[in-house]
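Listed below, chain by chain, are the residues.
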Amino acid sequence: MSEKLKISIKNLNVFYAEKQALFDINLNIMEREVTSLIGPSGCGKSTLLKCLNRMNDLIDICTMDGQVMIDGANINTPDQDPVLLRSKVGMVFQKPNPFPKSIYDNVAYGPRLHGMAQSKDELDSMVIKSLTRAGLYDEVKNRLFEAGTGLSGGQQQRLCIARALAVNPEIILMDEPCSALDPIATAKIEELIEELKRKYTIVIVTHSMQQAARVSDRTAYMHMGELIESGFTKNIFSNPQHQKTQDYITGRIG
Amino acid sequence: MNNLNKRNKAEKRFKLYGISAVIIAITFLFVLLFNIFSSGASAFKASYIGVKIEIPSAMNIDEINSRKEFKRQVLKMFPEVETRSDKRALLSLFSKGAIYEFEDLLEQSDSNGLDGYYWFLAHGDLDMYIKGTVERRGNEAGRINSKRMTFVDALREQNLIQLQANKYLLSSADSREPEMAGIRGAIVGSLYAILIAFIVSFPLGVLSALYMEKLASRNKFSDIIETNINNLAAVPSIVFGLLGLAIFLNFFSLPRSAPLVGGLTLAVMTLPTIVIASRSAIKSVPPSIEEASIGLGASKIQTLMNFTLPLAMPGIMTGTIIGIARALGETAPLLMIGMVAFVVDVPGTPLDPSTALPVQIFLWADSPERAFVERTSAAIMVLLLFLVLLNLAAIYIRNKLERKW
């Protein structure tokens, strides 16, 4: 673990119209680590995650104040170009959502969008590299030009990860990436997360405490829009400091 | 147990109601179609009279007075006819179009002379008698009086009156003579009008739907616009005709009776349909796809162009074609902007005066001349054919675009 600060969230408040969804969040996320956000439904985990790449901008009624520093620069300002930000902070969603295009075009979409490849060969190698990193290449190398929607659920999710990797992000956000998958596909994604953290900073929202315990280095527990406790995963699970955390991980709430 | 029996019976009863409703609806449809087809089919044939034409090759066609020559050739077949009124009765069995056909024949002959039987269009009165539309009473049938009937009988005895394919119905425009009246002018006028309606209303409709659905912020103002567009779809079409009259004719001084103005008016009428269909198609595009695109760093417009619009396109096209099909069958707004005129020429450009298919049907249905009855039904058949083709196109486009994804 590198102990280098990647993301620093300071006094973040988020509102959906009148309703406050996040209260005064302060959280540090380290480079090349997996940080998991856990907590009961509706506690604001996903909202917090979406603050990190400004996906909340898409919701008209959503407003946020406070600071989100990535590499020391505040992204929560009107000057920040969200398009640029999102090429640096990739996202994988809850339900696999491949584009209704071929596997190749799915992965090539980002590089094409940002004009990253100068030639067809360069694009090809980018696609192959991303698919290989996502652990999917061997399974699909013979049908790169078939529909991405024809893959199995787990393969689709890995395709979505490959798609996110193709734009060379530094941070990958995962919003419950395994909640729609069976245990075998889940295991594959978890292995992949282990692999990916060597190169990327990963923030994962999960409902499964076992998953948080398995894959993450640090864990943050949230409750009703507040950050209750955060720290090394092994400490949170073995020796929670807060009563609410204790209740949640022992299954009394949530 | 008793209760279950009751429920099962109720279910059966309900099924029966449903089936009978469907059967009644289908019966109405078939009665309508049968009615139209049985009265319209005969319009695709017309009566022709065979005349023995003998013109020596030495004759210079330019010097022939075709009208006189045609009369001479016809009268030659009945040498016993002497009185003027008898001659007139014989010649009145031919349509005015027969002279033009004779002229064409002369031109085609290339001074090589003619010898043999040629067929010329019969008058509408005779056509109706041949087709059995008017019945024979004694020596008369409708406007065929006994004097004309003697010639008819004589010609039929020699098998010189025949039903042949109607060359005029699909190749000429309207005419005072029913046997020479066709719907080509109306078809071309209708096609120009719906083409212009499509060109104008499709981009406008899709753009406004995209803007309202994806770009506009929700507030009171956008709510009012939305309600108004939904209400606009229910406005009677004749009101759009008044709008077209006031704006396109009076304000912009565009030519009266032109398919251009008809198309613009129909575009305004079709617009709400397209907007509503496009909005629901855009709404049904899964937001997860758009999120994925935004999440990769695409801008809102790039996401709209790359995913939202292509994925919504089958729905948008279906709605548009249904709107255009409605416009094709629309009469009332066209009456207001003067496309109801009697036009004998096929329009060459959208600026020429013209009529439209449904208006032509209206005009012919209104005509006291009985020979127009079968032509009305024939025109309806052609209109229905176009509507079926448009609907097939909608189905084809929907399947084709969906398969691509």
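Residues numbered from 1 in each chain as written. Chains lettered and ligands numbered in written order. Predicted model: local features only at pLDDT ≥ 70, side-chain atom pairs only at ≥ 80, totals over all residues. Heavy atoms only, no water.

J.: Can you walk me through the sheet that holds strand S6 (residues 89-92) of chain A in this structure?
T.: Backbone-to-backbone hydrogen bonds pair the strands of a sheet. The strands run either parallel or antiparallel. All names here are of chain A. With respect to topology, 6 strands assemble into an open sheet ordered S6-S7-S8-S3-S9-S10, the strand pairing being mixed. Edge positions in the sheet fall to S6 and strand S10 (226-232), since each has one partner strand and no second. Within the sheet, the average angular offset between the axes of one strand and its neighbour, ignoring direction, is 15°. Judged from the 4 bridges that link them, S6 and strand S7 (residues 171-175) form a sheet pairing that is parallel. Residue pairing across strands places valine 92 opposite methionine 174, the latter belonging to S7. Contacting S6 and S7, helix H6 (residues 153-165) runs over the sheet at an angle of about 170° to S6. (Pairing = 2+ DSSP bridges. Helix = DSSP H or I, 4+ residues; strand = E, 2+ residues; numbered from the N terminus. Axes fitted to C-alpha atoms, helices over the stretch in contact; angles between N-to-C directions. Contact = heavy atoms within 4.5 Å.)

J.: Help me understand the interface of chain B and chain A, please; the structure alone is not making it clear to me.
T.: As a measure of interface size, the accessible area lost when the parts come together is often cited. Residue-level contacts link 18 residues of chain B with 18 residues of chain A. The tally of links between chain B and chain A comes to 0 salt bridges. Taken together, chain B and chain A are joined by 4 residue pairs in polar contact (both at pLDDT 80 or more). Of all the elements in the fold, those that place two or more residues in the side of chain B that touches chain A are helix H11 (287-295) and helix H12 (300-328) of chain B. Residue classes in the side of chain B that touches chain A are distributed as 8 nonpolar, 8 polar and 2 charged. (Salt bridge = Lys/Arg side-chain N within 4 Å of Asp/Glu carboxyl O. Polar contact = N/O pair within 3.5 Å; in protein donor to acceptor, adjacent residues only side chain to side chain. Nonpolar A, V, L, I, M, F, W, Y, C, P; charged D, E, K, R; others polar.)

J.: What is the right way to look at the packing of aromatic side chains in this model?
T.: Aromatic rings in a pair are described by how distant their centres are and how their planes are angled relative to each other. For the coordinates displayed, the defined rule picks out 13 aromatic pairs over all chains. Taking NZ or CZ as reference, Arg163(A) lies 4.4 Å from the ring centre of Phe99(A), over its face. Above the ring of Phe342(B), the side-chain terminus of Arg176(B) is found at 4.0 Å from the ring centroid. (Phe/Tyr/Trp six-rings, centres within 6.5 Å; stacked < 30°, edge-to-face > 60°. Lys NZ or Arg CZ within 6 Å of the ring centre and 35° of its normal.)

J.: Looking at this structure, how should I read the nonpolar core?
T.: Generally speaking, a soluble globular protein has its nonpolar side chains buried in company with each other. Core analysis: the largest hydrophobic core is formed by 40 residues, its most contacted members being Ile9(A), Leu12(A) and Leu48(A). If we skip the residues at most four places from it in the chain, Leu12(A) touches Leu22(A), Phe23(A), Asp24(A), Ile25(A), Leu48(A), Cys51(A), Met64(A), Asp65(A), Gly66(A), Val68(A) and Asn76(A). Residues Leu105(B), Leu126(B), Ala141(B) and Leu160(B) belong to the second largest nonpolar core, which totals 36 residues. (Core = buried A, V, L, I, M, F, W, Y, C linked by side-chain atoms within 4.5 Å. Buried < 20%, exposed > 50% of the residue type's maximum accessible area, 1.4 Å probe, protein only.)

J.: Before we go on, may I ask you to explain the domain arrangement of chain B in this structure?
T.: Residue and element names in this part refer to chain B. Partitioning chain B into domains gives domain 1 (45-165) and domain 2 (184-401). For domain 1 versus domain 2, the distance between C-alpha centres works out to 47 Å. Taken residue by residue, the interface counts 7 residues in domain 1 and 5 residues in domain 2. Of the roughly 440 Å² buried between domain 1 and domain 2 on both sides combined, carbon and sulfur atoms contribute 40%. In this assembly, domain 1 and domain 2 are joined by 2 salt bridges. Note that glutamate 374 is salt-bridged to lysine 131, the shortest N-O span being 2.8 Å. Residue classes in the side of domain 1 that touches domain 2 are distributed as 2 nonpolar, 1 polar and 4 charged. (Domains from an automatic or database assignment. Buried area = accessible area lost by both parts, 1.4 Å probe.)

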